Every structure is written in structure tokens, then in C-alpha cells.
Amino acid sequence: MNANCPCGREKTYEECCGIAHKNIANVKTAEDLMRSRYTAFTHANGDYLMLSHHTTTRELDRKQEIADWAWSVEWLRLEIISAFDGGPDDEEGTVEFRAYFKENGKEKYLYETSRFIKERGKWKYHGIVR
Ligand SMILES: [Zn+2]
């Protein structure tokens, strides 16, 4: 029985990404926002995926498509490879990660270095760096 948060931290969901999902203003670092977005993918929580996306780059009309895809795959685990800046006093940061999932019986992963930028004091996902 694994009670860890889907993002992999040894905390319950309520003590980890659940805090972010309740109120995004609680997110202190870019890595925590990244983790909360991964967990939102595992819950197919399209509302949070849109809320946590920078308003200049998000595609609100793709919310359902993204949530449907997130629901259709089996999320396995998140691996944070590196994180630069993105601390409580920073305005920007990057997080490099692999998100593992199973799609049509095949294990795959999404590898990305993401840029996070604060918008009105709250961490938001801006997009892919590379
Ligand atoms: Zn978590």
C-alpha cells in the first residue's frame, strides 16, 4: 500500500500536492508547482492544469482534450532531474523532469525542461525551454 503523494514525495496527497490544489497561492517554489501539475495530470484535473498555466501561453480551449488524455493513460511516477532558481524569492525558474506513464500497454515518458514564471505573485507553468 503506497500512501505517498502521486508526485513521489513521502507525504500524503493532502499534505503535499493537495495543499496546492486547494489554493495555488500556497505554492512556494517552481518545483512544487511542477509536482502539483504532475499530480493534477494523474487526477485528470483540467481545471488545475489551466489555473497553473501562465495566462499568456495557456490554451483554454484544449482543457478537455488534455484532461481526456491524462485520464486515458496510467501515470507511473515523476522524476525531477534538476531545478534552477524557482525559489520563494525568485520570479523565474526551470525544472527538468521525466514523467513516466503507460499508454496502450507501453511504458513511455515525457522529458521536458520547463520554465516557470510568477504571475501576480503565484508560480505558473510558462512552457518548454527545450
Ligand atoms: Zn505531491
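Residue positions are given per chain, counting from 1 as you read along its sequence in written order. This being a predicted model, a pLDDT of at least 70 is required before a residue's local features are given, and a value of 80 or more before pairs of side-chain atoms are given or counted; all residues contribute to the totals for chains, interfaces and linings. Water and hydrogen atoms play no part in the side-chain values, which are based on all heavy atoms of the structure.

**Student:** What am I meant to see in the coordination of the zinc ion here?
**Tutor:** Six octahedral donors at a metal ideally form angles of 90 or 180 degrees, and four tetrahedral donors ideally form angles of 109.5 degrees. Coordinating donors are taken to be N, O and S atoms lying within 2.8 Å of the metal, or within 3.2 Å when the metal is Na, K or Ca; because water is excluded from the atom set, some sites may appear incomplete. Ligation of the zinc ion by protein atoms is provided by C5 (SG), C7 (SG), C16 (SG) and C17 (SG), these donors lying 2.3 to 2.4 Å from the ion. When four donors show all angles between 85 and 135 degrees the site is tetrahedral, when four or six donors have opposite pairs over 155 degrees and all other angles between 65 and 115 it is square planar or octahedral respectively, and in every other case it is irregular. Classification of the site at the zinc ion rests on its four donor atoms, whose angles at the metal span 102 to 117°, yielding the label tetrahedral. Counting residues between consecutive donors of the zinc ion along the chain gives the motif C-x1-C-x8-C-C. For C7, a relative accessible area of 1% translates into the label buried. Burial classification: accessible surface area is computed with a 1.4 Å probe over protein chains only, and a residue below 20% of its type maximum counts as buried, one above 50% as exposed, and the rest as partly exposed. Note on C16: relative accessible area 9%, which makes it buried.

**Student:** Got a minute to help me understand the packing of aromatic side chains in this structure?
**Tutor:** One pair of aromatic rings is described through two measures. These are the centre distance and the angle between the planes. Pairs were defined over the aromatic rings of Phe, Tyr and Trp, the Trp ring being its six-membered one, requiring ring centres within 6.5 Å. Orientation was assigned from the angle between planes: stacked under 30 degrees, edge-to-face over 60, tilted for the rest. A full pass over the atoms with the stated rule returns eight aromatic pairs. Summarising the aromatic geometry, the rings of W69 and W75 are spaced 5.4 Å apart at their centres and angled 90° between planes, so their arrangement reads as edge-to-face. On the basis of relative accessible area, W69 is assigned to the partly exposed category, the value being 30%. Since its relative accessible area comes to 15%, W75 is described here as buried. Through a chain of ring-to-ring contacts, three or more aromatic side chains come together here, namely Y38, F41, W69, W75 and F101. The rule is short: NZ of Lys or CZ of Arg within 6 Å of the ring centre and within 35 degrees of the ring normal puts a charge over the ring. Of note, R77 hangs over the ring of Y100, and the distance from its end group to the ring centre comes to 3.9 Å. The cationic tip of R98 hangs over the ring face of Y109; the distance from NZ or CZ to the ring centre is 5.2 Å.

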